[in-house]
Amino acid sequence: MASPCKFLLLLTLSFLACLPLISSLSSVSISETSNQTLICALLESSRLNCTSFPTGIQIPSVNRSFSGIVAGDGFQCVLSFPSATIMLCYRFSANGTNMQSKRLYYNDSALTEVAAGNTHVCGLVNGTNILHCWQWRGFNSSVQSDFSGIAVGEGFVCGLSSIGRIKCIGTNSSSSSIILDRVPSGNFQKVAAGFHHACAIYRNQSLVCWGDTVGEEPQGEFVSLALGENRSCAMRRNGTVVCWGENGFSLPESLRETVFMTIEAKRSVFCGVDLYNLSLLCWGNEIFDSNSMVFPRVLPGSCTNSECLNGVVLGSGSMCGQGHICNAYQNLTVVEGPSQPPLEPPSPSPEVRNRSGWNDKMVAFLVVGCVGSASFLAVICFFLFRYCKGRGCSKVHDSGRLDEAGMPPEHGLSQRQTVQAQQAAPVLEKRLSQLVSLGNGGHLEEFSLQELRQATDDFSQEHRIGTGSFGCVYRATLEDGKEVAIKRAEVSTTSSNAVGTRRQEDKDTAFVSELDSLSRLNHRNLVRLLGYCEDYNEQIPAYERILVYEYMNNGTLHDHLHKLHSSPLMSWTNRLRVALDAARGIEYLHMYAVPQIIHRDIKSSNILLDASLTAKVSDFGLSLMGPEDEDSHLSLHAAGTVGYMDPEYYRLQQLTPKSDVYSFGVLLLELLSGHKAIHKNENGVPTNVVDFVVPYIVQDEIHRVLDPNVPPPTPYEIEAVTYIGYIAADCVTLEGRDRPSMTDIVHSLERALAACFTPPSPIPSPPVSRSTTGSLT
């Protein structure tokens, strides 16, 4: 008697013999939006290249490899390489503006099949056959299925089961009901979807279509399909293509002898990869009538490291860089050179099939074995699914359609992951995906944890350059040579007590606040956020939260004032320029950001200087959206840095933009005196710079407290420096209503800086009411 293991092996082999062909991820995508067409393809080493007809649509150029691509009306999705564990989608407009992106899928389990209709995107998760769909309002985003292949139309998705049956599901609409109600029965090996119709290929390779079809489908044997809107194309066994549809649609005469490896379609446009030279040829509208070639050489399929059911495409190892490309169809291989004849897969006659030893009885045994094996494996899969559901095998980010910015995020987190998130980053899990997915971070790049660890030598001390509101900052050089600053959130792995949990929540809140603020701000005096990373680090273990910024070559204003022995800021003119830059950045936050932003942590260590000494405000970890009108405030516990914090905010716990004005006033006093916000006087007693400097300003004796490290002001500078003292004193008055606005401060600083280059003249001080400098007006 055979052992149980051998028996199970025989069952498995007999079951695999019944599996339909599983298509790999696509290397070609088509998107039609407005009156333009965007065509993208993976080139050598799986690099993405896109072009639009007519020109105008711009997809961000990303120097990365991708394992697959799909597209629809106004969006393009890419899947991470080499395993499709991340799917990032870009939404674009026909005029090339309003570019947005979001991460639809992020999981340790790769997507083995991804398809996009005109609107929706669906995928199958490896090892679970769970069907996930995105950008589909009213549709259950996660469905347990036994699909091994899927096709997505407008309002419906059809799946091919492991035993060759077709099932279509979708939303209840008149356009999709015609598909859902007419699904053919039989044993199939391929299914494809158009806009309002679907087609499938039987096991005997004949063709059937249903739904809102136009024209009569051709007869013969086929291996692949591409469906658009009211038009269809099918690839024969020998690689040639036939098309049919509305208004007599057919394949152009010039392409009828072309042998293709793969074909794709979207609405009116069809494309195929030429078997002989791997060029991408397209047809379907007048744009491609004169020249059908879009790219001279593309990948004929997605690169993978997995085993191939039908063998490997010849030469694909050199094309991929890593891995290979699987043949989509048996015996269809790349043959270099146009002189080679097409390789048609053999079509054995009934006599040959009989001579091979197959008879009706053996076929019956095979069918019984397939059904039994399928049932057996279905039971195993059921228990595996229950196990995975309890242990956490899937994590899906979905915030609805890319253009539905108001939709709340839906998380497909398992119970274990939910507990982890609640312990490690409850605030993060509630807000991070929403911020990134809703388009606020559309221009940001998502970096991998591995890439950032490599750039910083695993976050070594040699790369560390400072600290921020929620973690340490590292200097790094990316693979493309760009210098960046990487802020890595501190992670607490022992936050089981209330204090530890609260501290972790505070850091997560700071991380999300900074990402939220900088992802939607753009000003020359605000530090620029380039991208982010949110990934699970198994070595800790905990979630990593990392932000990547432009690198500021000249460091912090704090270092120039208090640490460096030699600095370009040892001149009053340069200090005034820095003050004006910082004021303009804060003014933008208060007056032009929508909604208004209150920084809450203005200080010299949060003012960064680039190579040209342009000052930029940084570290938005404590920032908050401001009140709705000038007369209102936010009631919340005070936060900030001792010495810079507004005493009115601290005392009354009422936050307004004037709290930033107070902090900026302290910054001006620091620039003038060279003293830190809290410093020790000559008796060694800690003293606030406001208490130390302002009395001298009020008495018109500012010269007694000017930074001795800076040469005395020139006659041109003395009036400007004195005037800055008046402004600083106005900023730090006890009552916020008596402080100037940041716009007033910017105008005053502009006049003061201009005075440094003109003969001294009386400079009127800014209007004040009950200011400490009121006597000077």
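What you see is a predicted model; the values in this text were computed from it and never measured. (Residues numbered from 1 in each chain as written. Predicted model: local features only at pLDDT ≥ 70, side-chain atom pairs only at ≥ 80, totals over all residues. Heavy atoms only, no water.)

Visitor: What is the right way to read the state of the cysteines from this model?
Guide: The bond known as a disulfide is covalent and runs between the sulfur atoms of two cysteines. Considering all chains together, one arrives at 8 disulfides under this definition. For cysteine 122, the disulfide goes to cysteine 133, at an S-S distance of 2.1 Å. Where cysteine 122 bonds to cysteine 133 through sulfur, the torsion about that S-S bond is close to 105°, and the disulfide is right-handed. Placement of the pair is cysteine 122 in strand 9 (residues 121–125) and cysteine 133 in strand 10 (residues 130–134), with a sequence separation of 11 residues. (Disulfide = S-S within 2.5 Å. Helix = DSSP H or I, 4+ residues; strand = E, 2+ residues; numbered from the N terminus.)

Visitor: In this structure, what is going on with the side chain of glutamate 451? I would like to understand it.
Guide: Looking at the element boundaries, glutamate 451 is found in helix 8 (residues 449–455). Owing to a relative accessible area of 18%, glutamate 451 belongs among the buried residues under this scheme. (Buried < 20%, exposed > 50% of the residue type's maximum accessible area, 1.4 Å probe, protein only.)

Visitor: Help me understand the pairing of strand 34 (residues 542–550) in this model?
Guide: Two faces belong to every sheet, and in a regular strand the side chains alternate between them. Counting buried positions over the 9 residues of strand 34 gives 9, a clear majority of the element. As judged from the 5 bridges shared by strand 32 (residues 483–489) and strand 34, these two strands associate in the antiparallel manner. Residue pairing across strands places arginine 488 opposite isoleucine 546, the latter belonging to strand 34. In the sheet, strand 33 (residues 529–537) pairs with strand 34 via 8 bridges, with the strands oriented antiparallel. The residue bridging glutamate 534 from the neighbouring strand is arginine 545, located in strand 34. (Pairing = 2+ DSSP bridges.)

Visitor: Looking at this structure, how should I read the packing of helix 13 (residues 657–673) against helix 14 (residues 689–698)?
Guide: Where helix 13 contacts helix 14, the axes come no closer than 10 Å and their chain directions differ by 70°. Taken as axis vectors, helix 13 and helix 14 run roughly perpendicular relative to one another. Between helix 13, through Tyr662, Val666, Leu669 and Ser673, and helix 14, the contact on the second element is made entirely by Val689, Val690, Val693, Val694 and Ile697. For the contact of helix 13 with helix 14, the class distribution of residues is 8 nonpolar, 1 polar and no charged. (Axes fitted to C-alpha atoms, helices over the stretch in contact; angles between N-to-C directions. Parallel < 35°, antiparallel > 145°, perpendicular 65-115°, else oblique. Contact = heavy atoms within 4.5 Å. Nonpolar A, V, L, I, M, F, W, Y, C, P; charged D, E, K, R; others polar.)

Visitor: Teacher, can you tell me more about the pairing of strand 22 (residues 269–274) here?
Guide: By the criterion of burial, strand 22 is predominantly enclosed, with 6 of the 6 residues buried. The hairpin formed by strand 21 (residues 260–266) and strand 22 contains 2 residues between the paired strands, and arginine 267 there has a positive phi angle of roughly 55°. The pairing of strand 22 with strand 23 (residues 280–283) spans 4 bridges and is antiparallel. Bridging from a neighbouring strand, valine 273 pairs with leucine 280 of strand 23. Counting the residues in the hairpin turn of strand 22 and strand 23 gives 5 residues, including leucine 278, whose phi is positive at 60°.

Visitor: Mind showing me how you'd approach the packing of helix 13 against helix 15 (residues 715–731) here?
Guide: Packed helices, taken two at a time, are described by their axes: the angle between them and the distance between them. Where helix 13 contacts helix 15, the axes come no closer than 8 Å and their chain directions differ by 145°. The two elements helix 13 and helix 15 meet at a crossing, and its hand is left-handed. From helix 13, Val661, Tyr662, Gly665, Leu668, Leu669 and Leu672 reach across to helix 15, where they touch Val721, Ile724, Gly725, Ile727, Ala728 and Cys731. Considered class by class, the residues forming the contact of helix 13 with helix 15 number 10 nonpolar, 2 polar and no charged. (Left-handed = near helix turned anticlockwise from the far one by under 90°.)

Visitor: For this particular structure, what's the right way to read the pattern of salt bridges?
Guide: Pairs may arise between side chains of opposite charge once their charged atoms sit close together. Summed over the entire model, instances satisfying the criterion amount to 16 salt bridges. In this structure, the salt-bridge partner of glutamate 483 is arginine 475, at a minimum N-O distance of 2.4 Å. With its nearest N and O atoms 3.6 Å apart, the salt bridge here joins lysine 487 to aspartate 619. One end of the pair, lysine 487, is in strand 32; the other, aspartate 619, is in the loop between strand 37 (615–617) and strand 38 (624–625), and 132 residues separate them in sequence. Accessibility expressed as a relative area gives 4% for lysine 487, which makes it buried. (Salt bridge = Lys/Arg side-chain N within 4 Å of Asp/Glu carboxyl O.)

Visitor: Looking at this structure, how should I read the side chain of threonine 556?
Guide: Within the fold, threonine 556 resides in the loop between strand 34 and helix 10 (557–562). Exposure remark for threonine 556: the relative accessible area of 16% places this residue in the buried category. In terms of polar contacts, threonine 556 uses its side chain to reach the backbone amide nitrogen of aspartate 559, at 3.1 Å. Setting aside residues up to four positions removed in sequence, threonine 556 forms contacts with Ser604, Ser605, Ile607 and Leu608. (Polar contact = N/O pair within 3.5 Å; in protein donor to acceptor, adjacent residues only side chain to side chain.)

Visitor: It is not clear to me how the sheet that holds strand 16 (residues 197–202) should be interpreted in this structure. Could you clarify?
Guide: Strands sit in the order 15-16-17 across an open sheet of 3 strands; the sheet is antiparallel. Whereas interior strands pair on both sides, the edge strands pair on one side only; in this sheet they are strand 15 (188–193) and strand 17 (207–211). The sheet shows a mean angle of 20° between the axes of neighbouring strands, direction not considered. Two strands pair when backbone bridges link them, and strand 15 and strand 16 are joined in this way by 5 bridges, in the antiparallel orientation. By the bridge assignment for strand 16, valine 191 is matched with alanine 200.

Visitor: Got a minute to help me understand the sheet that holds strand 9 in this structure?
Guide: Read across the open sheet, the 4 strands follow the order 8-9-10-11; overall the sheet is antiparallel. The strands lining the two open edges of the sheet, one partner per strand, are strand 8 (111–116) and strand 11 (142–144). Taking the axes of each pair of neighbouring strands and ignoring which way they run, one obtains an average angle of 20° across the sheet. As defined by bridge partners, strand 10 adjoins strand 11 across 3 bridges and the pair is classed as antiparallel. Note that in strand 11 the partner of leucine 131 across the bridge is valine 143.

Visitor: Explain the environment of methionine 591 here, please?
Guide: By the secondary structure assignment, methionine 591 is in helix 11 (residues 572–592). For the pair formed by methionine 591 and threonine 743, sequence separation is 152 residues and the distance between their alpha carbons is 8.1 Å.

Visitor: What is the right way to look at the packing of aromatic side chains in this model?
Guide: Remark: the centre distance and the inter-plane angle together describe each pair of aromatic rings, the angle taken between the planes. The tally for this structure, following the rule as stated, stands at 10 aromatic pairs. Seen in terms of ring centroids, phenylalanine 260 and tryptophan 283 are 5.6 Å apart; in terms of plane orientation they differ by 45°. Their pairing is tilted. Here phenylalanine 260 is found in strand 21, whereas its partner tryptophan 283 is found in strand 23, with 23 residues between them in sequence. Here the two residues phenylalanine 260 and tryptophan 283 agree in accessibility, since each one is buried. Arranged with centres 5.4 Å apart and planes meeting at 65°, the rings of phenylalanine 459 and tyrosine 474 form a pair that is edge-to-face. Separated by 15 residues along the polypeptide, phenylalanine 459 in the loop between helix 8 and strand 30 (464–467) and tyrosine 474 in strand 31 (residues 471–477) bring together distant segments of the chain. (Phe/Tyr/Trp six-rings, centres within 6.5 Å; stacked < 30°, edge-to-face > 60°.)

Visitor: Help me understand unusual backbone geometry, please; the structure alone is not making it clear to me.
Guide: What you tend to see is this: most non-glycine residues have negative phi, and most peptide bonds are trans. Cis rather than trans, the peptide bond between phenylalanine 53 and proline 54 has omega equal to -10°. Note that proline 54 resides in the loop between strand 3 (48–53) and strand 4 (66–72). The phi dihedral of asparagine 247 falls on the positive side, at around 55°, and the residue is not glycine. In this fold, asparagine 247 is placed in the loop between strand 20 (241–245) and strand 21. When its relative accessible area of 78% is taken as the criterion, asparagine 247 is described as exposed. Residues other than glycine seldom take positive phi values, yet leucine 613 does so here, at roughly 65°. With respect to the element layout, leucine 613 can be found in the loop between strand 36 (607–609) and strand 37.

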